[in-house]
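# Survey of secondary and tertiary structure
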Amino acid sequence: MEYEPVIGLEVHAHLLTNAKIFCRCSTKFGAAPNSHTCPICLGMPGVLPVLNKKVVEYAVKMGLATNCRINDRSVFARKNYFYPDLPKGYQISQYAEPLAEHGRIEIETGDGKKIIGITRIHMEEDAGKLLHDERNPSSYVDLNRTGIPLIEIVSEPDMRSAEEAAAYLKRLHEILVYLEICDGNMEEGSFRCDANVSLRPKGRAAFGIRAELKNMNSFRNVQRAVEYEIERQRHVLDGGGKVIQETRLWDDGQGVTLSMRGKEEAHDYRYFPDPDLVPVEIGKDWIAEIEKTQPELPQEKRERFIREYQISSYDAGVLTASRALADYFEEAARQAGKPKIAANWIMGDILKFLNEDKRSVKDCPILPADLAALIRLIDDGTISGKMAKEIIDVMYKTGKKPGAVIEEKGMVQITDESALAKTITGIIEANPAQVEQYRSGKEKVFGFFVGQVMKATQGKANPKLINDLLKKMLSGS
Amino acid sequence: MELNELTIHELQKKLRAGDTSSTEIVQAVFKRIEAVEPRINAYITLMKDVALADALKADEAVKKGDIRALTGIPIALKDIFCTKGFRTTCGSRILENFIPPYDATIVEKLRQAGAIFTGKTNMDEFAMGSSTETSFFGTTKNPWDLNRIPGGSSGGSAAAVAADECIASLGSDTGGSIRQPAALCGVVGMKPTYGRVSRFGLIAFASSLDQIGPFTKDVEDCAILMNGIAGYDPKESTSIPQDVPDYRSFLSRGIDGWTVGIPKEYFIEGIDAEVSEAVQKAIKCVEGLGAKTMEISLPHTKYCLAVYYIIAPAEASSNLARYDGVKYGYRSPDGQDLLDMYKKSRSEGFGAEVKRRIMLGTYALSSGYYDAYYKKASQVRALIKRDFDDAFKTCDIILTPTTPTPAFNVGEKTGDPLQMYLSDILTISTNLAGIPGISVPCGFTKGGLPVGVQFLAGHLEEGKLLQIAAAYEKNANLEKRRPNL
Ligand SMILES: [Zn+2]
């Protein structure tokens, strides 16, 4: 039978606030265990939560960026369960009344564009982390992460392939990072994804039984896990079996999903409104204020780059991969007045340098103004493109301005027509046979003369000038 | 009279006049504690050394002319308030050795106002009870009759004031836990409006109902303590951001021309005849002060107990989840694995009443039951609140008995939880509605047990409560009695 996969994703994103969601503790990653804690995030008796307003602002930003309706009233609820990394015995989350609902974003795959619905976005607190000592049977708990603000973004079950799931995830990631509300670091767990996967016979409306996939800490793993799970379920169904509703963990080493059955009991979280917090009320004025601070989102930026700078859709995609890179490009393009050429230099050279050094564009030793200066020097004939390649290499290594590099290397292009004419005269005189060939119509030998001139001038001559002069002098006029 | 028998305002006068010192007052209090505490058991933890050291400091301050509202006054704290560096048990084995690294906001405020703490008073475990019998630290006895309970859950705080083991005390009231023991011990006890006094550092029983308030020997002291503890606290999200009036300014205003509502649903069968008689006298007294009384109806009263026993246990089941043996508090030494450690720590750490309420609450919140219980109860709660809103459109104050009966015998109701729950029947609605209430002594039974009258007012109308309570107290002409210990 032919099956259609149905995929929905639940994404948890750490918000980049300085303080935790319900106390003033730092959210910085990597501190000594339990050093970023206080009685509130430790769940001590009698303490009370106070909502960090910045968390709401950031969550609203994501809601707006994904075209959600921002609810003027939302309610924190307690999700009750026992676990050592959860000091209060409940997680403060949102349940019946989330912050934002009914959103959508556009993704693009090999099959074209598609809209994926966002069911809801809600705010919640993160739990701590357990550390297990393998040598002696004991566990430790680090509560630094407890209370770090999260938003959970739940999609509609709108995706039909692992490729779509990956595209959706990348799009969400890109938006969060563009909004500067999440660092998007999947390894450190600040961007996490669970996937619900089910199959249904093609053409049928009702959903099949789904499995929930966890433990995928990269885009690639999400795609691989979903692909694996689709195949696994197809195999089960084709064999006359039944898919069970369960949680499965992605095992990266084996490249398979494994059932968590027996490790996790069925939970009744007994959600109810948290009586220690008041409903979150968001006025239209505040939303309007937040809206004003929204940056241009990646999709809009790509479209504008294509339109405004006449670059290809592919180039626009590369150049908008991060807000910093897009800003870098725009600044260089503006100062050089040559967007396409700036794009080529960035994508061909600068990104190569940065990738080799695993450096962010923010730390690039070549400033956009320096790149623009280099482009202008080529443009006005001071240097050749070939020279520029050498210069940009030095610029990246030393952080020097292009003018300084040229001066140091004595790389200035020969643009003095009379001096060049003298050299050409010498070459014409030394190669009468080739001159004869050229004049009899064998224009291919023109390249030979260009090469000779470049050699004689050690590549410093302006190629356009060489061409013009050679043509004139070879034709004998 | 001994110093420990005086009120805050009397002692303040003496301190200002230089007639006594805080050290003398604190010594008098501890002398009394040493004499009667073995029979009463009002305290779980005494803080004598610190109290005496603080008294010396207070005396220094007085010499420098720095006399604040509570300077040098020994006050007892219910053991539900976190006290930095002093163990805070909440009456439970599970917190037997818990020492908080922070003070509750009211503890900070009282300290700021110059108060001295005598110790932490006994209470029903996690404030769940009406008799102080569920405490892990033994029952507190009623100073008026040592065979009887002092009420609860703040029984220790009420008994300590009644027995002059402190000058005043603080308690918490979730369904009557201040007003009921105040009535049964013959002292003044107030539950302020929900959100008026910060809950930060109050160990939660039922977060949407818990409120902190004073136990005092008279109404003026109640106003003084309210001035000390009321006010907005940015550490609590449900705290009311509104200025606090000077509560003392209401005391001498009188109630001429007021309308006092007498809800018919509160004068029902099951109210002890002697209680009824004392309260009727109070009504007459209030009428004599120029107030008009009228019968009113609070039609949803019959649902209060049911609603309360869904909402309070539901919140408690979640609030008490943090006592899991992992981070602090009691951990069973016999846990074989994580789940076993949880089960044993909580089974051994909590008493029977707490476990009963955790189970009730867990059930009420369970999937499939939530709508029928918790959600329905929340809806009815809104109707109960509306009853009061409507009533306060026609009257200034509502007057009721505080409790259906005077103090009952130790052990009398421990075998029948429902009978125990009924002892809060007249106080529970106030917490559900979030409004303030006060219990003021209104006489004694023939057997010499105190009886209390309860006044209720609208949202943030503590001033009105103090106004009528002060007027009533002044004109009731009650016989001055002290428990014979
Ligand atoms: Zn904290």
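Residues numbered from 1 in each chain as written. Chains lettered and ligands numbered in written order. Predicted model: local features only at pLDDT ≥ 70, side-chain atom pairs only at ≥ 80, totals over all residues. Heavy atoms only, no water.

## Examining the interface of chain B and chain A
Facing 40 residues of chain B, the contacting portion of chain A comprises 30 residues. Of the roughly 2,700 Å² buried between chain B and chain A, counting both surfaces, carbon and sulfur atoms make up 61%. Considering only the surface of chain B that becomes buried against chain A, B:Ser237, B:Ser318 and B:Arg322 emerge as the three largest contributors, covering 22% of it. Linking chain B to chain A there are one salt bridge. Here A:Asp276 makes a salt bridge to B:Arg199, at a shortest N to O gap of 3.1 Å. (Contact = heavy atoms within 4.5 Å. Buried area = accessible area lost by both parts, 1.4 Å probe. Salt bridge = Lys/Arg side-chain N within 4 Å of Asp/Glu carboxyl O.)

## Quick word on the coordination of the zinc ion
Residue and element names in this part refer to chain A. In this structure, Cys23 (SG), Cys25 (SG), Cys38 (SG) and Cys41 (SG) serve as the protein donors to the zinc ion, at separations of 2.3 to 2.4 Å. For the zinc ion, the four donor atoms in the first shell make angles of 101 to 114 degrees at the metal, so the coordination geometry reads as tetrahedral. Mapping the donors of the zinc ion onto the primary sequence gives the spacing C-x1-C-x12-C-x2-C. With cysteine 23 in the loop between β1 (3-14) and α1 (53-65) and cysteine 38 in the loop between β1 and α1, this residue pair connects regions lying 15 residues apart in the sequence. (Donors = N, O, S within 2.8 Å, 3.2 Å for Na, K, Ca; no water. Tetrahedral: all angles 85-135°; square planar, octahedral: opposite > 155°, others 65-115°. Helix = DSSP H or I, 4+ residues; strand = E, 2+ residues; numbered from the N terminus.)

## Some remarks on the nonpolar core
Core analysis: the largest hydrophobic core is formed by 160 residues, its most contacted members being B:Phe126 and B:Phe455. Apart from residues no more than four positions distant in its own chain, B:Phe126 is found in contact with B:Cys90, B:Ser92, B:Ile94, B:Leu95, B:Ile203, B:Phe205, B:Leu320, B:Tyr323, B:Phe350 and B:Val354. Counting residues in hydrophobic clusters, the runner-up holds 63 residues, among them A:Leu9, A:Ala13, A:Ile181 and A:Ile230. (Core = buried A, V, L, I, M, F, W, Y, C linked by side-chain atoms within 4.5 Å. Buried < 20%, exposed > 50% of the residue type's maximum accessible area, 1.4 Å probe, protein only.)

## A short note on the domain arrangement of chain A
Here chain A is partitioned into domain 1 (3-286), domain 2 (296-409) and domain 3 (417-474). On a C-alpha basis, the centroid separation for the pair domain 2 of chain A and domain 3 of chain A is 33 Å. (Domains from an automatic or database assignment.)

## Concerning unusual backbone geometry
The peptide bond linking B:Gly152 to B:Ser153 adopts the cis configuration, its omega dihedral lying at 5 degrees. Mapped onto the secondary structure, B:Ser153 falls in the loop between β3 (116-121) and α5 (155-162). In this structure, A:Asn67 takes a positive phi of about 60 degrees despite not being glycine. Following the sequence through the fold, A:Asn67 ends up in the loop between α1 and β2 (69-70). The exposure class of A:Asn67 is partly exposed, given its relative accessible area of 37%. You will see that B:Leu460, though not glycine, has its phi angle at about 65 degrees, which is positive. Assignment of secondary structure puts B:Leu460 in the loop between β11 (450-456) and α15 (462-475). Given the relative accessible area of 17%, B:Leu460 is considered buried.

## So, the sheet that holds strand β8 (residues 292-296) of chain B
Residue and element names in this part refer to chain B. Strand order in the open sheet made by the 11 strands is β1-β3-β2-β4-β6-β5-β10-β11-β9-β7-β8, with mixed pairing throughout. The sheet is open, and its two edges are formed by β1 (43-46) and β8, each paired on a single side. Pairwise comparison of adjacent strand axes, ignoring direction, gives a mean angle of 30 degrees for this sheet. Both strand β7 (residues 259-263) and strand β9 (residues 397-401) contribute to a ladder of two bridges, which runs parallel. Across the sheet, the residue bridging to glycine 261 is isoleucine 398, located in β9. Here helix α7 (residues 219-229) sits on the sheet in contact with β2 (74-78), β4 (168-173), β5 (188-191), β6 (211-216) and β10 (437-444), set at roughly 145 degrees to β6. (Pairing = 2+ DSSP bridges. Axes fitted to C-alpha atoms, helices over the stretch in contact; angles between N-to-C directions.)

## Quick notes on the pattern of salt bridges
Inspection of every chain in the model, using the stated rule, returns 58 salt bridges over all chains. The shortest N-O distance in the salt bridge between B:Arg111 and B:Asp103 comes to 3.2 Å. Among the ionic contacts, a cluster of salt bridges with common partners joins A:Arg78, A:Asp274, A:Asp276, B:Arg199 and B:Glu236.

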